[in-house]
Amino acid sequence: MDYVVEMLNIRKEFPGIVANDDITLKLKKGEIHALLGENGAGKSTLMSILFGLYQADRGQIRVNGKDVNISNPNVANELGIGMVHQHFKLVHNFTVTENIILGLEPKRGLSVDVKSAAKRVKELSEQYGLNVDPNAKIEDVSVGMQQRVEILKMLYRNADILIFDEPTAVLTPQEIEDLMKIMRNLIKEGKSIILITHKLKEIKAVADRCTVIRRGKFIGTVDVDSTTKAQMAEMMVGREVLFSVEKPDKEAGEVILKLDKVSVKSNREGVVAVKDFSLEVKEGEILGLAGVEGNGQSELVEAITGLKDIVSGKIFINGKDISNFSIRERINSGIAHIPEDRQKRGLVLDYTIGQNMVLEIYDRKPFSERGLLNHNAITEYAQQIVEDFDVRAGQGVESVARSLSGGNQQKAIVGREIELNPDLLIAVQPTRGLDVGSIEYIHSRLIEQRNRGKAILLVSLELDEVLNLSDRIAIINSGELVGIVDAKDTNENEIGLMMAGIKRGDTD
Amino acid sequence: MWTLIAQIFPYAIAFTIPLLITSLGGLFSERSGVVNIGLEGLMVVGSFTGAIVIYTLQPIMSPDLAVWIGLLAAALAGGVFAILHAFASINLNANQVISGTAINMMAGALTVFLARNVTGSGNIPIVRGLLRRDVPILSEIPVIGRLFFTSTYATTWLVLAILLLGWYVIYKTSYGLRLRACGEHPHAADSAGVNVYKVRYIAVILSGAFSGLGGGILLVTIAGEFTGSVAGLGFLALAALIFGQWKPLGILGATAFFGLASTIANVSSVIPMLKVIPGVILKVFPYIVTLIALVAFSKSSQAPKAAGEPYEKGKR
Ligand SMILES: Nc1ncnc2c1ncn2[C@@H]1O[C@H](COP(=O)(O)OP(=O)(O)O)[C@@H](O)[C@H]1O
Ligand SMILES: [Mg+2]
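Residues numbered from 1 in each chain as written. Chains lettered and ligands numbered in written order. Predicted model: local features only at pLDDT ≥ 70, side-chain atom pairs only at ≥ 80, totals over all residues. Heavy atoms only, no water.

1. Side note on the coordination of the magnesium ion (ligand 2)
Residue and element names in this part refer to chain A.
Next, step 1: The coordination sphere of the magnesium ion (ligand 2) contains the protein donors Ser-44 (OG) and Gln-86 (OE1), at a distance range of 2.0 to 2.5 Å. Of this pair, Ser-44 sits in helix H1 (residues 43-50) while Gln-86 is found in the loop between strand S6 (81-84) and helix H3 (96-101), placing the two residues 42 residues apart along the sequence.
Next, step 2: In this structure Ser-44 comes out as partly exposed when scored by relative accessible area, which is 21%. (Donors = N, O, S within 2.8 Å, 3.2 Å for Na, K, Ca; no water. Helix = DSSP H or I, 4+ residues; strand = E, 2+ residues; numbered from the N terminus. Buried < 20%, exposed > 50% of the residue type's maximum accessible area, 1.4 Å probe, protein only.)

2. Some thoughts on the UniProt feature "domain: ABC transporter" (unreviewed entry) in chain A
Next, step 1: According to UniProt, the feature "domain: ABC transporter" (unreviewed entry) maps to residues 5-240 and 257-503 of chain A in the numbering used here.
Next, step 2: Annotated as residues 5-240 of chain A, this span is 34% helix and 29% strand, and its ends, taken at the C-alpha atoms, are 32 Å apart. (UniProt positions renumbered as here; feature names shortened; annotations may be inferred.)

3. So, the nonpolar core
Across soluble globular proteins, nonpolar side chains show a tendency to be buried alongside one another.
All names here are of chain A.
Next, step 1: Among the nonpolar cores identified, the biggest contains 119 residues, and Ile-151, Phe-164, Leu-186 and Cys-210 are the most heavily contacted of them.
Next, step 2: Other than its neighbours up to four places away in sequence, Cys-210 contacts His-33, Ala-34, Leu-36, Ile-203, Gly-220, Thr-221, Val-222, Val-224 and Met-232.
Next, step 3: The next biggest cluster of nonpolar side chains, apart from the first, holds 35 residues, and it includes Ile-353, Val-397, Val-414 and Ala-427. (Core = buried A, V, L, I, M, F, W, Y, C linked by side-chain atoms within 4.5 Å. Contact = heavy atoms within 4.5 Å.)

4. Focus: empty space enclosed by the protein
Next, step 1: Scanning all chains against the criterion turns up six cavities of 30 Å³ or more.
Next, step 2: Quantified by volume, the largest cavity comes out at close to 90 Å³.
Next, step 3: Surrounding the largest cavity, A:Phe51, A:Asn77, A:Gly82, A:Met83, A:His85, A:Glu150, A:Lys153, A:Met154, A:Arg157, B:Ser191 and B:Ala192 form its lining.
Next, step 4: Contributions of two or more residues to the lining of the largest cavity are made by S6 and helix H5 (143-156) of chain A.
Next, step 5: Here the lining of the largest cavity gets three residues from one element, more than from any other, and that element is H5(A).
Next, step 6: Here the lining of the largest cavity is composed, by residue class, of four nonpolar, four polar and three charged. (1 Å grid on protein atoms, 1.4 Å probe; cavity = no way out; pocket = protein on both sides within 12 Å on 5 of 7 lines; lining within 4 Å. Points joined across faces, edges and corners; volume = space filled by probe spheres on them. Nonpolar A, V, L, I, M, F, W, Y, C, P; charged D, E, K, R; others polar.)

In structure tokens:
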């Protein structure tokens, strides 16, 4: 059999956790091989071993039939293995070309020959249909383009075994389409691909075979065509997965959040991001805010939570005007916020989970008394959240937040915010980049909040999510409210049109 | 007015040059991701080593040759001393500010102790420093010739040449590309096969050599003797680094500004035009401007993103 990569019985331990336990993965030449597993299952670890960033404690790696010892990324490069990491490894103030040639610079005399490198990058970009400008600065280009730069980095090094670590987590639906096209192109040119993902839809769309791991253990390798999504999901989480959540009918109650003609300036100079926006969110309902990325959702949320000042208008919580409240006063008034960027705004990555769980309330009793922190009370409180919300971490509440996988970081944040028992919960992209198991879990928690009579403002770019969870859906376009529809009598098409700015009724 | 400017200029340039070379040393270190507040101490080490060597050699050989050997020794000593900082902050992942502070304290104490053993007092005088010379032909150019090419130190031209070379290395060579990558995103550099530890070691040692040279130049052009300190010039070089936004030409401008401002403050008491301004205002002027500049630039700071963070491979 023609395997380009064989990873046999790989084991890798981190302090307090076995990230990989006897895992075997074999990659055939010319296939797209999906690696499926929940957050924290050990996918990135396994691929980092193949790429030489970590050393396996036990096990064997063969490349093109030969035993190899991949002690660092340079060895991987020489073996033709390239990797696009989950978090891109690009220098933000370098040009595309400089990032690609870093570590392997072509020279003319003593100088780096940027010109001829840029030409080579352009050629590669055209050959594979990547559409990358070699002279653009990384900080000026879209996330999708940054990813294509990472792909070019591998191609420039003549890699033909390509590893993609959750490449679609950060992309828009259109960019995902493009990426799949690119991957098919790469296969046509003789490359082999390992694709890490937990989106079953994508596996179905591009992958040939799929290896599933769960909590560090090998579960099995299956043929994608002959396996259903439900079967793969079950292999991944170890139990049956419900793809849509139960939601009992419920009458919405009093108004909790009221926005009255709110305008907010954009993060960019001079532009208004949100214009005269009025909206009500009531107790016992989930209001979904749908829109294409960058149409003012972020700014609107920042205005409600107090991260950004409003230019005009008023914001009310339970009938109280909070427009000029500080962030802490807003939290005390009953607002909780699951932020869009969990690493930047959700957690202090170098604090422990315990410390992170009391970020908003460390100054309340019993967590602090007379200016001194009460660590026992904090640990106890955090322990409860970690248990209730199934946060998996090597050293429990003592784990540093940075060491947790994305899904577990997110569960910790969701737990912290719900534990505040807020009247209004603002959830922004609460399941971005998470696996179906975690998504299901977080969704059921949000609905539970709704059933307990709380108000929830759900902001998401995933239409499925908005349609599934919301009672009412507000659509935003260029910072203006296009309309509000009942989730029961609308569909993906209508919302898609409204997201493009076409009002209901305009189409008839 | 003209004579005043013509008089002040050589002093301003002389004051600028040790600052500039030290600041360039700091630039290399910080662009590689290692904060080096030990510049002051490294200058002291350079000044001490230069003084010892010149003090010993001048009686037995041509004073000029002794000065140049002394400068070379100063640079070498600075580079060697900087290995301590490199080891602590690169291998041991120590806090770089603390390691730099340790360098400063150690340098001050160690050199004074050694100097006492050599001369009996803490000071080491040198017989004679570097001589000022006119640059042939160029000094004939009107205005410019008088300001820039008359009674100059050879070290001025050496340092400017190093600055130019430094600019070339940082922006045009592969080492420079890797250096900047290590300071911005060491994980990116690592995964591209760059040896982050090696790049940072070279940079920190260079910063020590440049600071040592700065201390030596201060000795042979301005101070004339080793006194156990460089009067905060190392910290001023650090401020110039920030003021100059971590760019070679930026620090040239920043150090020139400091040089001019300090010189004006120093000579104000003998210049009638400046006498009307209280001396203390002139003296604090450069520092106030630095503070204002720091506040003004803080939004658009070009500081290397990873500066100050120990690089740990496994860290995510
Ligand atoms: N450098 C590390 N130090 C300690 N624990 C780690 C490290 N990297 C990963 N882990 C732990 O190993 C497990 C597997 O992580 P990872 O491979 O990133 O999962 P996945 O990519 O499948 O989401 C997680 O529990 C994670 O917290
Ligand atoms: Mg991962």
